[in-house]
Amino acid sequence: MKHIFVVFLLLSVIGCNEKKQQADNESVEKTVVENTKNDNVVSLNNPSEENSQLPRLYSNGTEIYFSWVTKKDTTNFLNYSKYNGTDWTPKTLVATGNDWFVNWADFPALAENNGTVLTNLLQKSADGTYTYDVKLNLFKDSATIKNNFILHNDATKSEHGFVSILPYKDDGFFITWLDGRNTAGGHDMEGEHGTGGAMTLRSAIVDGKGTISQRTELDNRVCDCCQTSAAMTANGPVVVYRDRSEEEVRDISIVRNVNGTWTQPQTVGLDNWKIAACPVNGPSVDAIDNVVAVAWFTVTKGVGDAKVVFSQDGGATFTTPFSVSTESATGRVDIVVLDAAKKEAALIWMQPKGEDEVIYLLKVNEKGSIGTPVIISQTSPERASGFPQLEKVGNELFLAWTEVDQKITTIKTAIISIDKL
């Protein structure tokens, strides 16, 4: 976990903290997205306002849950709201604080399970830059069940973050994160290494009352500050993440829970990307039954690349990865499986286009692209533009991203019919 590395191998790529602020807007108006070259992309007002960023989306198949962070003066506000296809619910204030670690790449996650919502924030545990804990907040129908409780059971003043959450069983959640308890506060900076041990990948189960169990170490040495991603297969949860070998090869790996037992880490794509610091550019995974799609960023011969790969057996084996980027990509990918029978998915990624930075959307299958890339919006290559989000609701794709105008951040949301891709 270390936001600081900056891979200026391409136009932008890496970074850390920025601004955010809060929102109120329950009206829903749809207009064509500005600067979009496809009229099928339709913008959607959302409950955030100026100085908001760090959007996170979660779809339960029929509704979209949307969280964001806003900053007013020195105080941060974490909110979420639900969109049912017609209206937004009044926003729910999760928490406020002036002691959070607020980071462009390590943003709050959320998921919903039968009306119960779990989300997280990062709260400073000491004065060090990279000393913070994962705090959880649990809600039922917007009412607090348990607030500001700590995820991990170590007492170290170290990094904890890059959380992914999935609904699990009746009213619980599967959660995975990067855990720096073995780093002793060490932190990878650009071109150098922390003095502590390695970052670890861990998981746990949180039930509907906020009880945490089954805390498990999944990998004892991983890349320090790339996002994790998790999906539920017919066999159980899978987690994809950027691994880290002793030789500093930082390729994408997967661990799978099969019948209650975690597998050993397996490399998804043998990129052999050797880099002496964290690229702050994690993978994305999604699944329907045992059809799994993974997207990630890598660098080949100094050129940024966005890649995709499919699995038909819950992530046990994969097809040959293929590239979707047409030039040197910035990455920041997200992917959703559209159709398990057709083995189709949609993904978004960021890539320079002339002097601009744009968000692309593309439909793919296991053999490669099956559509023309759609430009969702122009955006900024700055760190504050963050990581765009993609979710599927019925026959539509729902997107969220952050736009930056003279350091003012605004969250945009839009929809597009899958039939239009």
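Structural data are supplied above this passage.
Residues numbered from 1 in each chain as written. Predicted model: local features only at pLDDT ≥ 70, side-chain atom pairs only at ≥ 80, totals over all residues. Heavy atoms only, no water.

### Observations concerning the overall build of the protein
Right, so step 1: Broken down by element type, the protein carries zero helices and 31 strands.
Right, so step 2: Counting the 421 residues in the protein, one finds 62% classified as buried.
Right, so step 3: Summarising the internal contacts of the protein: among those between residues at least 6 apart in sequence, 55% fall at separations of at least 24.
Right, so step 4: Only carbon and sulfur atoms are counted for the fraction: they give 43% of the accessible area of the protein, which is about 15,800 Å². (Helix = DSSP H or I, 4+ residues; strand = E, 2+ residues; numbered from the N terminus. Buried < 20%, exposed > 50% of the residue type's maximum accessible area, 1.4 Å probe, protein only. Contact = heavy atoms within 4.5 Å. Areas by Shrake-Rupley, 256 points an atom, 1.4 Å probe, with all protein chains shown as cover.)

### Some points on the sheet that holds strand S10 (residues 143-150)
Right, so step 1: Spatially, four strands are ordered S7-S8-S9-S10 in an open sheet, and the strand pairing comes out antiparallel. The strands lining the two open edges of the sheet, one partner per strand, are strand S7 (110-113) and S10. Ignoring which end each strand starts from, the neighbouring axes of this sheet average 20 degrees apart.
Right, so step 2: Across nine bridges, the pairing between strand S8 (residues 116-124) and strand S9 (residues 132-140) is antiparallel. From the neighbouring strand, Gln-123 faces S9, where its bridge partner is Asp-133. (Pairing = 2+ DSSP bridges. Axes fitted to C-alpha atoms, helices over the stretch in contact; angles between N-to-C directions.)

### Thoughts on the pattern of salt bridges
Side-chain pairs of opposite charge can arise whenever the charged atoms involved come near each other.
Right, so step 1: Applying the stated rule across the entire model yields 12 salt bridges.
Right, so step 2: With a closest N to O distance of 3.2 Å, Asp-154 and Arg-181 form a salt bridge. Of this pair, Asp-154 sits in the loop between S10 and strand S11 (160-168) while Arg-181 sits in the loop between strand S12 (172-179) and strand S13 (199-206); the two residues are 27 residues apart in sequence, bridging distant segments of the chain. Residue Asp-154 shares its accessibility class with Arg-181, and that shared class is buried.
Right, so step 3: Between Glu-382 and Lys-407 there is a salt bridge, with its nearest N and O atoms 3.3 Å apart. Note that Glu-382 is positioned in the loop between strand S28 (374-379) and strand S29 (389-393) and Lys-407 in the loop between strand S30 (396-405) and strand S31 (408-417), a separation of 25 residues in sequence. (Salt bridge = Lys/Arg side-chain N within 4 Å of Asp/Glu carboxyl O.)

### Notes on the pairing of S7
Right, so step 1: On S7, burial covers both faces: Leu-110 and Glu-112 on one face and Ala-111 and Asn-113 on the other are all buried.
Right, so step 2: As paired strands, S7 and S8 are joined by four bridges and run antiparallel to one another. By the bridge assignment, Leu-110 is partnered in S8 with Thr-119.
Right, so step 3: Between the end of S7 and the start of S8, which pair antiparallel, lie two residues, with Asn-114 showing a positive phi angle near 55 degrees.

### Describing the packing of aromatic side chains
Right, so step 1: Under the defined criterion, the tally for this structure stands at 14 aromatic pairs.
Right, so step 2: Pairing Phe-66 with Trp-68 gives two aromatic rings, centres 4.8 Å apart and planes at 25 degrees, and the pair type is stacked.
Right, so step 3: Phe-66 sits in the buried class, given a relative accessible area of 0%.
Right, so step 4: In this structure Trp-68 comes out as buried when scored by relative accessible area, which is 0%.
Right, so step 5: Over the ring of Phe-77 we find Lys-72, and its NZ or CZ is 5.7 Å from the ring centre.
Right, so step 6: Directly above the ring of Phe-149 sits Lys-146, whose terminal nitrogen or CZ lies 4.7 Å from the centroid. (Phe/Tyr/Trp six-rings, centres within 6.5 Å; stacked < 30°, edge-to-face > 60°. Lys NZ or Arg CZ within 6 Å of the ring centre and 35° of its normal.)

### Focus on the sheet that holds strand S14 (residues 212-222)
Paired through their backbone hydrogen bonds, the strands of a sheet run either parallel or antiparallel.
Right, so step 1: Taken in spatial order, the four strands line up as S11-S12-S13-S14 in an open sheet, and their pairing is antiparallel. Of all the strands in the sheet, the pair left with one neighbour each is S11 and S14. Sheet twist, expressed as the mean angle between neighbouring strand axes with direction ignored, is 15 degrees.
Right, so step 2: In this structure, S12 lies alongside S13, joined through seven bridges in antiparallel fashion. Bridge pairing in S13 places Phe-174 opposite Ile-205.

### Side note on the state of the cysteines
Right, so step 1: Enumeration according to the criterion identifies zero disulfides in this entry.
Right, so step 2: Free of any disulfide, Cys-223 has its nearest cysteine sulfur in Cys-278, 3.4 Å distant.
Right, so step 3: Residue classification places Cys-278 among the buried positions, given a relative accessible area of 0%. (Disulfide = S-S within 2.5 Å.)

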